[in-house]
Amino acid sequence: MLSIRDAAELDLPAILDIYNEQILNGTATFHTHPQLLEERVKWLQDLRAENYPCIVAEVTDETSGSTRTVGWCNLWHLKERPAYDGSAELSLYVHRDFRGQGIGEKLLHSILEEARKQGDRFHTIIASVTTENERTIKFWQKQGFELRGTLREVGRKFGRWLDVSYFQLFV
């Protein structure tokens, strides 16, 4: 059974594992070195301090009743200048063993609901994607995000330059 809830400190080791796997093996993030648990603790504290939503997807094993955090999603500053306050960048990650099961879509719908609960605080949400992540690009388009532009060769990871496309959804 899948549930979506606010992230808690107890989720941070799983969030860290999911994120570090992508740091080491993917281009969904431009971090190049694994993060430490202390960095994720500060990250969650910063999100909370500025009232940015952060949620997790948790799977419960129906036989044992054990739970496992298998994905997370948050909003954060698009840019940190005041004129951008109505815009947010969205991060969404799902554990590699649970991709393709609709978890990302449930996380996205839940984070958008959280954004709407904050009234007119969030006007638009931006998702940035390396152009080689075709599956992710299709995901954002399916969810109603529109391509707004692509910056060529703006990130370097795994010895190659990467293009980044920006997708936008008005809340």
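Below is a summary of the structure that appears in this document. Keep in mind the model is a prediction, meaning the values are calculated, not measured. (Residues numbered from 1 in each chain as written. Predicted model: local features only at pLDDT ≥ 70, side-chain atom pairs only at ≥ 80, totals over all residues. Heavy atoms only, no water.)

## Notes on the pattern of salt bridges
Tallied over the entire structure, the rule returns eleven salt bridges. Residues joined by salt bridges that share partners form a network here, namely R5, D11 and E58. (Salt bridge = Lys/Arg side-chain N within 4 Å of Asp/Glu carboxyl O.)

## Regarding the environment of E50
Looking at where E50 falls in the secondary structure, it is placed in the loop between helix 2 (37-49) and strand 2 (54-60). Using a relative accessible area of 34% as the deciding quantity, one classes E50 as partly exposed. Separated by 27 residues in sequence, E50 and H77 have C-alpha atoms that sit 9.6 Å apart. (Helix = DSSP H or I, 4+ residues; strand = E, 2+ residues; numbered from the N terminus. Buried < 20%, exposed > 50% of the residue type's maximum accessible area, 1.4 Å probe, protein only.)

## Structural notes on the nonpolar core
Counting 39 residues, the largest nonpolar core has L75, L90 and W140 as the members making the most contacts within it. Residue contributions to this core peak at six residues, all from helix 3 (residues 103-117). If sequence neighbours within four positions are ignored, L75 has contacts with L47, Y52, P53, A88, E89, L90, I111, A115, F122 and I125. (Core = buried A, V, L, I, M, F, W, Y, C linked by side-chain atoms within 4.5 Å. Contact = heavy atoms within 4.5 Å.)

## A look at the side chain of R40
Along the polypeptide, R40 turns up in helix 2. E39 is the oppositely charged side chain nearest to the buried, salt-bridge-free R40, at an N-O distance of 7.1 Å. Apart from residues lying up to four places away in sequence, R40 is in contact with L12, I15, L16, Y19, Q35 and W72. (Lys, Arg positive; Asp, Glu negative; His and termini not counted.)

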